[in-house]
Amino acid sequence: MAANQAAQLPRRIIKETQRLLTEPAPGISASPSEDNLRYFNVMILGPTSSPYEGGVFKLELFLPEDYPMAPPKVRFLTKIYHPNIDKLGRICLDILKDKWSPALQIRTVLLSIQALLSAPNPDDPLAENVAKHWKDNEAEAVETARAWTRQFAAN
Amino acid sequence: MSVQVPRNFRLLEELEKGEKGIGDGTVSYGMEDADDMLMRNWTGTIIGPSNTVHDGRIYTLKFHCDLNYPARPPLVRFQSKINMDCVLPDGRVDPTRFAVLGNWSSNYSMETVLTELRRAMASMHNKKLPQPPEGAMYS
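Below is a short write-up of the structure. Each chain has its residues counted from 1, running along the sequence as written. In the order they appear in the text, chains get letters beginning with A and ligands get numbers beginning with 1. Side-chain atom pairs in this predicted model are given and counted only at pLDDT of 80 or more, local residue features only at pLDDT of at least 70, and totals for whole chains, interfaces and linings cover all residues. Each side-chain value is derived from all of the structure's non-hydrogen atoms; neither hydrogens nor water enter the calculation.

**Overview of the overall build of chain B**
Counted only if it meets this: Elements are defined by DSSP. Helices are runs of H or I of four residues or more, strands are runs of E of two residues or more, and each kind is numbered from the N terminus. Atoms counted for the radius of gyration: C-alpha only. Globule rule: 2.2 Å times the number of residues to the power 0.38. Note on exposure labels: buried denotes an accessible area under 20% of the residue type's maximum, exposed denotes more than 50%, and partly exposed covers the range between, all computed with a 1.4 Å probe on protein chains only. Residue contacts are counted whenever heavy atoms from the two residues lie within 4.5 Å of one another. Each accessible area is a Shrake-Rupley result for a 1.4 Å probe, and residues are judged covered by the shown protein chains and nothing else. This count recognises Lys and Arg as positive and Asp and Glu as negative, with His and chain-terminal groups excluded. By convention, the point assigned to a charge is CZ for Arg, NZ for Lys, CD for Glu and CG for Asp.
Scanning chain B from N- to C-terminus turns up 3 helices and 4 strands. Starting at the N terminus, the α and β elements of chain B follow one another as α-β-β-β-β-α-α. Relative to the 2.2 N^0.38 estimate, which gives 14 Å for 139 residues, the radius of gyration of chain B is 15 Å and therefore close to what a compact globule would have. When the backbone C-alpha atoms are referred to their principal axes, chain B occupies close to 45 × 30 × 30 Å. Evaluated residue by residue, chain B yields a buried proportion of 43% over its 139 residues. Considering only residue pairs separated by 6 or more positions, chain B has 55% of its internal contacts joining residues 24 or more positions apart. Per element, the accessible surface of chain B, about 7300 Å² overall, is 50% carbon and sulfur. For chain B, the distance from the average site of its 16 positive side-chain charges to the average site of its 17 negative ones is 7 Å.

Next comes the structure, spelled out in structure tokens:
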């Protein structure tokens, strides 16, 4: 079934998948699921010097039918305390929406998400209450993010 | 082989559509537990169609989408009491008497279920059946 599926998969997706597997970006892994080659299991390590350091975050990524004309869909599966990620793991990131370009790739998307963990942006919030916490008392919000990392993202 | 949208992304699409509101608002739905990352439990409403005994009544129902959704149909149960040929005495919608669930296709959605239940309310058989008092709920 996988071989039959691969025959139908656009060449671009095959190339991207091969490269993700053979030359993974540091701190990121992505592998397609067996029964759906457009659906990837992703792991991102919390960046050093961020409140997510030491955490292993699971995500899921799906390449819709019109990829690469449309962006991949990505969501966190691990609970995370971050002003740009909501309770369902949805991510507020411009390249996943209006700033998407077919020149971007799965790899660039995942690197951008990793960078978002290093640089939370409470001025463009998705989780309103988390963003407010971040603005009112950043030290305390960072402490909560660390506690959630220990509780939910411990390896 | 067509592109298969994985369960979670499919439910996120349904969530966004439900949040925007569907058509004229005669059916609607939303997630029951905003903290459940698996998005299993949902609440739907149907406003009874006019020219039937259901006219103007607001029916609430629950959906349970397990991990096999949408390959397998959701479990659907009325919370508001209703007398209808496809609804069992405890409020569950009987898949053997409701084709959307019985002949489920992964292209169907919770919206399909609600729209078709509303259509069934207006069928010759259902539109005149005596009904429990408005607002009565299954325990």
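That shown, we press on.
**Focus: the pairing of strand β3 (residues 58-64) of chain B**
Residues and elements named next belong to chain B. We count it as follows: Think of it this way: DSSP has to see at least two bridges between two strands before they count as a pair.
Here strand β2 (residues 41-47) pairs with β3 via 7 bridges, running antiparallel. Considered in β3, the bridge of Asn41 is made with His64. Sheet topology places β3 next to strand β4 (residues 75-78); 4 bridges connect them, and they run antiparallel. By the bridge assignment for β4, Leu61 is matched with Phe78.

**Things to note about the sheet that holds β3 of chain B**
Residue and element names in this part refer to chain B. What counts here: Between N-to-C directions, angles cover 0 to 180 degrees, with each direction set by a line fitted to C-alpha atoms, over the stretch in contact for helices.
Strand order in the open sheet formed by 4 strands is β1-β2-β3-β4, and the pairing between neighbours is antiparallel. Each edge of the open sheet is held by one strand with a lone partner, namely β1 (27-31) and β4. Averaged over all pairs of adjacent strands, the angle between their axes in this sheet comes to 25°, without regard to strand direction. Packed onto the sheet, helix α1 (residues 7-20) meets β1 and β2 and runs at close to 125° relative to β1.

**Description of helix α4 (residues 128-136) of chain A**
Residue and element names in this part refer to chain A. Using the following cut-off: Think of it as the arc spanned by the lines of direction from the helix axis to the C-beta atoms.
Where α4 is concerned, the buried positions are Val130, Ala131, His133 and Trp134. End-on, the buried residues of α4 take up no more than an arc of 160°, which puts them together on one face. Away from its buried face, by an angle of more than 90 degrees, α4 presents the exposed residues Glu128, Asn129, Lys132, Lys135 and Asp136. Taken together, the buried residues of α4 touch α5 (138-152).

**Describing the pairing of strand β1 (residues 28-33) of chain A**
For a regular strand, side-chain orientation follows a simple rule: the groups alternate between the two sheet faces. Residues and elements named next belong to chain A. Alignment of β1 against strand β2 (residues 36-45), held across 6 bridges, turns out to be antiparallel. Paired with Ser29 across the two strands is Met43, which belongs to β2. Between β1 and β2, which follow one another and run antiparallel, lie 2 residues.

**Overview of the interface of chain A and chain B**
For clarity, the cut-off: Here, a salt bridge means any side-chain nitrogen of Lys or Arg that lies within 4 Å of a carboxyl oxygen of Asp or Glu. For this scheme, ten residues count as nonpolar: Ala, Val, Leu, Ile, Met, Phe, Trp, Tyr, Cys and Pro. Four count as charged, namely Asp, Glu, Lys and Arg, and the remainder, Gly too, count as polar.
Every contact between the two is made by 22 residues of chain A and, on the other side, 18 residues of chain B. At the boundary of chain A and chain B, one finds 2 salt bridges. Listed by contribution, the elements that provide at least two residues to the side of chain A that touches chain B are α1 (2-8), β2, β3 (56-62) and β4 (73-76) of chain A. In terms of residue count, β4 of chain A provides more of the side of chain A that touches chain B than any other element does, 4 residues in total. Residue composition of the side of chain A that touches chain B, grouped by class: 7 nonpolar, 6 polar and 9 charged.

**Focus: the side chain of Arg38 of chain A**
The cut-off we apply is this: What qualifies as a polar contact is a pair of N or O atoms within 3.5 Å, subject to a donor-acceptor requirement within protein and to the restriction that residues adjacent in sequence count only when both atoms come from side chains.
Residue placement: Arg38 of chain A occurs in strand β2. One polar contact links the side chain of Arg38 of chain A to the main-chain carbonyl oxygen of Pro64 of chain A, over a distance of 2.9 Å. When sequence neighbours within four positions are dropped, the list of residues in contact with Arg38 of chain A reads Leu9, Pro10, Ile13, Leu61, Phe62, Leu63, Pro64 and Glu65 of chain A together with Val3 of chain B.

**Side note on the packing of α4 of chain A against α5 of chain A**
Residue and element names in this part refer to chain A. We count it as follows: If an angle is under 35 degrees, it is roughly parallel; if it is over 145, roughly antiparallel; if it lies from 65 to 115, roughly perpendicular; otherwise it is oblique.
Contact geometry of α4 with α5 gives a least axis separation of 5 Å together with a crossing angle of 130°. Between α4 and α5, the interaxial angle falls into the category oblique. Along the contact surface, α4 presents His133, Trp134 and Asp136, while α5 presents Glu138, Glu140, Ala141, Val142, Thr144 and Ala145.

Functional significance is not addressed by these values, which are geometric in nature.
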